[in-house]
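Overview (structure and organization)
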Amino acid sequence: VKTGALSVYNIIAQAEGHVHGVPVGQVHFHEVGALDAVADVVGVCLLMDELAPDRVAASPVHVGSGQVRCAHGILPVPAPATAYILRGIPIYGGEVRGELCTPTGAALLKHFVSSFGPMPVMSVSKTGYGMGRKDFERANCVRAFMGTAFDQSPQEDGEVTELSCNLDDMTPESIAFAQQLLLEEGALDVYTVPIGMKKGRPGIMLVCMCGAELKDKMVRLIFKHTTTLGMRQTVSRRHTLTRTPGQAATAFGPVAAKTASGYGTERFKPEYEDVARIARENKVSIEEVLRTVKNPTN
């Protein structure tokens, strides 16, 4: 939760630093540093940690229109920091006069959401509403759905895009950084394969798997964070098990776990981050925690 909250505030700091033309270390938080904003960020990070969704999708962001009054005076909507954070995210304005997306909200979306677009096909289990205090021409609320992705085909579960490139002039640390960044930005999986290149040079093939809606975003990130001059694209059909989030009991307390089922198979696995957290808190090894794991409960 702390790591997530710090990441969200780092997104805000990067945006404020860019807007004001100062290093991040010199950024002074105004509205986003108030206690209610801190509570918003930490609260969302805590809830997301407890919900532990496999994936978070969101509709395009309605930013509002007109002007907003803040510590820097009267600014256009979206505010400069909000507009910077929302780069690469589909947004739109409209007839509603007012600020509908703040830098805090934009940073939370940037950190947690992996794809933006129409609501995916899903079996909904819970619905939640968050109501704003301002009155507009239409409902001032955020609605969230929790559910399971609907398996439309028992044989083939859709398509996945694979982007690959060969690298022979990057350090292992730089490749690992690119891998982690791609995963954080919504890639389904990122892996490397050792290869032999021309003139006997050893190299690494970087492979990024993502949904079609994230292909362009992943292409831009790969070009930005690797030294490749080109990459290959393959579209593959895939078969997947249905994954359901739940909990598993251990001698040290509950841990988040996922149950995977389908095609006559069912299995479950505790979430590594949760197991590692419990191991650190109790000063025991990960293996000791795993040995006490019992059947999960949804």
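Each remark here, short or long, concerns the structure printed above.
Counting restarts for each chain: residues are numbered from 1 in the order of the written sequence. The predicted nature of this model means local features are confined to residues of pLDDT at least 70 and side-chain atom pairs, given and counted, to a pLDDT of 80 or more, with totals for whole chains, interfaces and linings taken over all residues. Hydrogens and waters are ignored; side-chain quantities use all the structure's heavy atoms.

1. What about the overall build of the protein chain?
Strands here mean DSSP runs of E at least two residues long; helices mean DSSP runs of H or I at least four residues long; both are numbered from the N terminus. Each helix and strand in the protein chain was counted, giving eight helices and 18 strands. Sorting the 298 residues of the protein chain into buried and exposed places 31% on the buried side. The contact definition used throughout considers only heavy atoms, calling two residues in contact when any of these lie within 4.5 Å. Sequence-distant contacts, at least 24 apart, represent 61% of the contacts inside the protein chain between residues at least 6 apart. As displayed, the protein chain offers around 18,500 Å² of accessible surface, 54% of which is attributable to carbon and sulfur atoms. In this scheme, a residue with accessible area under 20% of its type's maximum is buried, one over 50% is exposed, and one in between is partly exposed, where area comes from a 1.4 Å probe on protein chains only. Note on areas: Shrake-Rupley, 1.4 Å probe, and residue coverage restricted to the protein chains presented here.

2. Topic: the environment of Met122
Mapped onto the elements of the fold, Met122 is located in strand E9 (residues 122-131). Taking the C-alpha atoms as reference, Met122 lies 9.4 Å from Phe145; in sequence the two are 23 residues apart.

3. Re the sheet that holds strand E14 (residues 232-237)
The strands making up a sheet associate through backbone hydrogen bonding, with each pair oriented either parallel or antiparallel. Two strands are said to pair when DSSP picks up at least two bridges between them. Sheet architecture is open: four strands sit in the order E12-E13-E11-E14, paired in antiparallel fashion. What marks the edges here is a single partner per strand, and that holds for strand E12 (189-196) and E14. Within this sheet the neighbouring strands show an average axis-to-axis angle of 25°, counted without direction. Pairing of E12 with strand E13 (residues 202-210), which is carried by eight bridges, proceeds in the antiparallel orientation. Pairing of Ile195 across the sheet is with Gly203, part of E13. Where helix H5 (residues 172-184) meets the sheet, its contacts fall on strand E11 (159-167), E12 and E13, and the angle it forms with E12 comes to roughly 150°. Between N-to-C directions, angles span 0 to 180 degrees; the directions come from axes that are lines fitted to C-alpha atoms, helices contributing only their stretch in contact.

4. Concerning the environment of Val190
Note on placement: Val190 falls in strand E12. In sequence terms Val190 and Cys208 are 18 residues apart; their C-alpha atoms lie 4.5 Å from each other. Excluding anything up to four places from it in sequence, Val190 contacts Gln179, Leu182, Leu183, Leu206, Val207 and Cys208.

5. Things to note about helix H7 (residues 272-282)
Every buried residue of H7 is accounted for by Asp274, Val275, Ala276, Ile278 and Ala279. Contacts made by the buried residues of H7 are with strand E16 (255-262), strand E17 (265-270) and helix H8 (286-291). The positive-phi residue at the C-terminal boundary of H7 is Lys283, with phi of around 55°.

6. Looking at the pairing of E11
Note: E11 against E14, six bridges, orientation antiparallel. Directly across from Thr161, in E14, lies its bridge partner Val235. Where E11 and E13 come together, seven bridges link them in antiparallel fashion. Bridge pairing in E13 places Glu162 opposite Met209.

7. Regarding the packing of aromatic side chains
Paired rings are identified among Phe, Tyr and Trp, the last through its six-membered ring, by centres lying within 6.5 Å, and are further divided according to the angle between planes into stacked (under 30 degrees), edge-to-face (over 60) and tilted (the rest). Taken as a whole, this structure holds zero aromatic pairs when the rule is applied. Note that Arg87 overlies the ring of Tyr84, its terminal NZ or CZ placed 3.8 Å from the centroid. Consider the ring centre and the ring normal. A charge sits over the ring if Lys NZ or Arg CZ is within 6 Å of that centre and within 35 degrees of that normal.

8. Here we look at the packing of helix H2 (residues 35-51) against helix H4 (residues 103-112)
Contact geometry of H2 with H4 gives a least axis separation of 11 Å together with a crossing angle of 20°. Classified by the interaxial angle, the pair formed by H2 and H4 is roughly parallel. Considering only the axes of H2 and H4, their crossing is right-handed. For the pair H2 and H4, contact is made by Ala37, Val41, Val44, Cys45 and Met48 and by Thr104, Leu108 and Phe112, respectively. Roughly parallel means an angle under 35 degrees; roughly antiparallel, over 145; roughly perpendicular, 65 to 115; everything else is oblique. Here is the rule for handedness: rotate from the far helix to the near one, and if that takes an anticlockwise turn smaller than a right angle the crossing is left-handed, while a clockwise turn gives right-handed.

9. Examining a nonpolar patch on the surface
On the surface, Val1, Val42 and Leu46 cluster together to form a nonpolar patch covering roughly 210 Å² of accessible area. Relative to the helices and strands, Val1 is located in the segment before helix H1 (2-20). A patch consists of residues exposed above 30% relative accessible area that lack any salt bridge, with like charges linked at up to 9 Å and nonpolar side chains (Val, Leu, Ile, Met, Phe, Trp, Tyr) linked at up to 5 Å. Think of a salt bridge as a Lys or Arg side-chain nitrogen and an Asp or Glu carboxyl oxygen that are within 4 Å of each other.

10. A few points about the pattern of salt bridges
Taken as a whole, this structure holds eight salt bridges when the rule is applied. Between Asp168 and Arg201 there is a salt bridge; the shortest N-O distance is 2.7 Å. Of this pair, Asp168 sits in the loop between E11 and H5 while Arg201 sits in the loop between E12 and E13; the two residues are 33 residues apart in sequence, bridging distant segments of the chain. By relative accessible area, which is 32% here, Asp168 ends up partly exposed.

11. As for the environment of Thr234
Mapped onto the fold, Thr234 is located in strand E14. For Thr234, a relative accessible area of 43% gives the class partly exposed. Sequence separation between Thr234 and Met209 is 25 residues, and the spatial gap between their C-alpha atoms is 9.5 Å. Each residue touching Thr234, except ones within four places of it in the same chain, is listed here: Val160, Thr161 and Glu162.

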